[in-house]
Amino acid sequence: MKNLCVRIVLSTGLAAAGTFASANDTNMAVTGSDQDMSGGTVTADTVMAAQNGWLVVHRTDKAMKPGPVVAYAPLKQGENTDVSAILTEPVKAGEMLMLMLHAEEGGMKTGIFEYTLGAKEDGPVKVDGKLIMAVVTAK
């Protein structure tokens, strides 16, 4: 089983602020493994979040650009393990999905996922311009 992880470590002497990218001594990461998605779900092994937010699942391919959203699940601040999201459309074996950390900010309603591709509401978390994500392949 392939296990992919992108981990960003932030360490500053400042107190934690209101955004993911300025959290104090915080590890933010998404880890995931290739998996069977025929049951209609995809699972991230671990998601570390500086604040409450979302695990958002985008279609992707070898170009590694985020495509349409096909699933999402709420996250709590801190460590989240075995985070499952219900797929809104079938995913075939061999297709790639990007498991991405998104914020819970900028939208009109707290606790309601408001992001659409390219929007700022509940948008992706970036540190130094890099997304916090992992790519998994459907078996």
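Small disclaimer: the values here were computed from a predicted structure and weren't measured.

1. Examining the nonpolar core
Okay, step 1: Residues V42, L97 and L101 are the most contacted members of the largest nonpolar core, which totals 28 residues.
Okay, step 2: Breaking this core down by element, the ones donating at least two residues are β2 (26-33), β3 (41-49), β4 (53-60), β5 (69-75), β6 (78-86), β7 (96-103) and β10 (133-137).

2. A closer look at the environment of M108
Okay, step 1: One can find M108 in the loop between β7 and β8 (126-127).
Okay, step 2: Using a relative accessible area of 76% as the deciding quantity, one classes M108 as exposed.
Okay, step 3: Considering only alpha carbons, one finds M108 and E121, 13 residues apart in sequence, at a separation of 8.1 Å.

3. With respect to the pairing of β7
Okay, step 1: With 8 of its 8 residues buried, β7 lies for the most part within the structure.
Okay, step 2: Burial of β7 is two-sided: the residues M96, M98, M100 and H102 facing one way and the residues L97, L99, L101 and A103 facing the other way are all buried.
Okay, step 3: Bridge analysis of β4 against β7 gives 8 bridges, and the strand direction is antiparallel. Following the sheet pairing, V56 is matched in β7 by M100.
Okay, step 4: Bridge analysis of β7 against β10 gives 5 bridges, and the strand direction is antiparallel. When the bridges of β10 are listed, M96 appears paired with T137.

Calculation rules
Residues numbered from 1 in each chain as written. Predicted model: local features only at pLDDT ≥ 70, side-chain atom pairs only at ≥ 80, totals over all residues. Heavy atoms only, no water. Core = buried A, V, L, I, M, F, W, Y, C linked by side-chain atoms within 4.5 Å. Buried < 20%, exposed > 50% of the residue type's maximum accessible area, 1.4 Å probe, protein only. Helix = DSSP H or I, 4+ residues; strand = E, 2+ residues; numbered from the N terminus. Pairing = 2+ DSSP bridges.

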